[in-house]
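Summary of structural features
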Amino acid sequence: MTKSVDPVTAAVIQGALENIAVEMGHKLMRMSYSSIIRESEDFGAALTDAEGRQMCECKMSTPLQSGPIPGYIANILKVMAERGEEIREGDVIMHNDPYGGASHGPDVAFCIPVFHEGALIGWSATTAHHLDIGALTPGSCGIVDAVDTYAEGLQFKAIKVFDEGRRVDAVWHILRANIRAADMVVGDMEAQIEAGRIGAARFLALVEGYGHDTVVAAFEELMDYSERLMRAAIADIPDGDYTAETRIDGYLDHPDPTKRELAIVATVRVRGDTLTVDLTGTAPQVDDKPINMPLVGTVDCAIWLTIRSILLDSALYGEIPQNAGLTRPIGIVAPEGTLANPTFPAPVIARFCPGNQLADTVMKALAQVVPEKVSAGIGNLRVVAISGMKGGQHWVHMEIMEGAYGGRHDKDGMDAVDTLYANTRNNPIEDIESHIPVRIEAYELREDRMAAGENRGGLGATRVFRFLEDAGISIEGEGHRFRPWGFDGGDDGQVAVLTLDPAEGEDVALPSKLPYKRVRAGDSLVAQGPCGGGYGNPLLRDPALVLDDVLDDLLSPETARRDYGVVIAGGAVDAGATAAERASRGG
């Protein structure tokens with residue numbers, strides 16, 4: 001029989017669990033070598049129970065890192081049971097199998113079992129994106145020509161790197177011999193392990209302070225609480241089926257039509273206090289290109305995060321325990337052999353942008369029934385890997401180029417930010433220029449490109465990377481063909497643009513996916529981010545807000561008149577001319 005616990009004790013234990021996860025994240029950031037963890041915060045930290053049910057997660061981490069951790073643990077338990085391997089105190093287990101819970105291979109988890117009085121009671125786990133994992137070209141993004149998962153880099157399927165506290169040197173020798181920039185990557189891995197050990201020690205201290213039965217009872221109550229909140233939010237939606245379709249670029253420069261302009265379809269089926277997302281109609285998997293999305297680790301997290309963000313917005317609900325209870329009322333149907341449920345060994349390393357587009361599609365479906373809770377279409381992201389050699393050693397850098405949100409019911413879209421299930425931070429220019437031979441010559445919002453609406457779409461950023469030495473680049477992204485969708489009369493957003501500006505010769509337009517390409521000192525990469533869709537009739541936008549954008553040089557007076565019917569003269573709104581202009585258009 002499960003012990004009962006009073007709500008105050010449960011809340012105190014929940015706060016303690018969350019603080020453990022936050023401390024793990026802070027310690028990991030402080031100990032890490034790479035900017036992708038230290039600055040961009042592309043990591044996860046969480047505690048689970050013995051079965052892998054999530055108890056808490058670090059609030060600074062990205063959902064696509066912490067969210068999959070239960071899947072990592074579940075697969076580790078399965079694989080080790082099949083092998084007949086015992087999990088023991090002092091073990092540290094490394095795992096990154098994209099068909100075994102991981103989001104993709106570069107997101108390596110280090111999982112530490114927590115024992116109390118000889119029994120396994122939970123797990124302390126960290127994940128992080130590593131800048132090289134031994135793939136066919138340098139870096140761990142832009143591996144857009146991998147033909148299967150073996151080409152994507154090293155695969156670790158529940159591998160002990162510490163066995164009962166003893167370091168397994170052979171595994172570490174293999175890692176160092178097969179990974180570029182090994183000092184940095186292995187240093188980040190060791191930081192993960194130490195952060196995980198801190199979490200394990202804090203969790204054990206909590207259990208010893210309150211008693212294991214009390215902590216378990218609190219966890220069960222908190223999961224039930226989170227589940228009740230989600231069910232109540234779903235029950236407020238009218239029963240029905242709500243379908244939306246968007247498309248991803250795929251490989252726009254590929255002659256095979258099955259590899260470009262691919263559909264993602266989501267039908268949200270609401271029945272009482274349960275909800276199912278059916279992805280039937282989504283394009284078939286691409287057998288030899290890595291834009292497929294693992295069902296466990298990418299697709300499920302994209303769906304859960306989107307639904308939770310829309311239905312249980314923290315701005316309205318406050319802090320909600322982030323645990324396995326939130327996902328109990330949500331089902332997923334993903335036909336096998338599609339982009340959203342590929343079969344091994346179809347490659348998946350470039351799943352990030354398609355997964356974010358899936359999240360956008362789920363939001364578009366829900367827009368039909370909860371329009372006040374969504375944004376218009378988002379501008380997706382691009383990720384560039386920059387690499388080179390210095391003193392006979394590899395250096396590798398990864399830069400996430402943000403997108404933008406669409407306009408919202410009562411707010412403009414956010415400019416130049418990561419969107420939906422991506423919430424990494426940008427790298428400070430000073431950090432980039434002090435670590436790699438690149439100069440950032442421009443970093444600014446795109447001008448005169450916003451999608452008009454009563455609440456305008458967010459603007460993408462323009463960045464110019466000047467290479468100071470010969471190097472290599474590879475890029476994965478989306479949003480070069482299809483404009484982010486406008487909503488309720490708002491205009492569609494703007495697509496992204498990538499251009500290589502060589503020191504000598506003509507500019508070269510680049511597709512959204514670029515396999516490894518050499519660049520020379522003096523060449524520049526010009527990245528213009530996409531702009532989110534507009535929300536609502538542009539003729540209803542407050543003229544003062546239009547003027548603000550004009551005065552900020554984000555919008556020209558000519559575009560203000562064309563898109564919004566707002567006449568600006570002498571740095572001010574001409575109220576009479578604006579009223580006449582809008583009236584002539586029926587506004």
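Here's what I pulled together on the structure shown here. Everything numeric in this text was worked out from a predicted model, so none of it was measured.

1. Brief notes about the sheet that holds strand β15 (residues 461–467)
In space, the five strands of this open sheet follow the order β14-β15-β20-β17-β18, with antiparallel pairing throughout. Lying at the two open borders of the sheet, with one neighbouring strand each, are β14 (438–445) and β18 (508–510). For this sheet, the mean inter-axis angle between neighbouring strands, taken without regard to orientation, is 20°. Bridging between β15 and strand β20 (residues 524–528) involves five bridges; their strand directions are antiparallel. Residue pairing in the sheet places valine 464 in a bridge with valine 526 of β20.

2. Comments concerning the state of the cysteines
Per the stated rule, a full pass over the model turns up zero disulfides. No disulfide involves cysteine 531; its sulfur sits 16 Å from that of cysteine 353, the nearest cysteine.

3. Brief notes about the pairing of strand β16 (residues 471–477)
In terms of burial, β16 is largely enclosed, as seven of its seven residues are buried. Judged by which residues are buried, β16 turns out to be covered on both faces: Ala471, Ile473, Ile475 and Gly477 on one side and Gly472, Ser474 and Glu476 on the other are all buried.

4. Regarding unusual backbone geometry
Working note: non-glycine residues mostly have negative phi, and peptide bonds are mostly trans. Looking along the chain, the bond that leaves phenylalanine 344 and enters proline 345 is cis, with omega of 5°. As for its placement among the helices and strands, proline 345 is situated in the loop between β11 (330–333) and α10 (352–366). Positive phi, normally seen in glycine, also occurs at alanine 416, with a value near 50°. In this structure, aspartate 448 is a non-glycine residue whose phi angle is positive, near 60°.

5. Regarding the packing of aromatic side chains
On inspection of all chains with the given rule, the structure shows five aromatic pairs. Residues tyrosine 99 and phenylalanine 344 carry aromatic rings whose centres are separated by 5.4 Å and whose planes lie at 90° to one another, so their mutual orientation is edge-to-face. Taken together, the residues span a long stretch of sequence, with tyrosine 99 in the loop between β3 (92–95) and β4 (107–116) and phenylalanine 344 in the loop between β11 and α10 at a distance of 245 residues. Residue classification places phenylalanine 344 among the partly exposed positions, given a relative accessible area of 40%.

Parameters and conventions
Residues numbered from 1 in each chain as written. Predicted model: local features only at pLDDT ≥ 70, side-chain atom pairs only at ≥ 80, totals over all residues. Heavy atoms only, no water. Pairing = 2+ DSSP bridges. Helix = DSSP H or I, 4+ residues; strand = E, 2+ residues; numbered from the N terminus. Axes fitted to C-alpha atoms, helices over the stretch in contact; angles between N-to-C directions. Disulfide = S-S within 2.5 Å. Buried < 20%, exposed > 50% of the residue type's maximum accessible area, 1.4 Å probe, protein only. Phe/Tyr/Trp six-rings, centres within 6.5 Å; stacked < 30°, edge-to-face > 60°.

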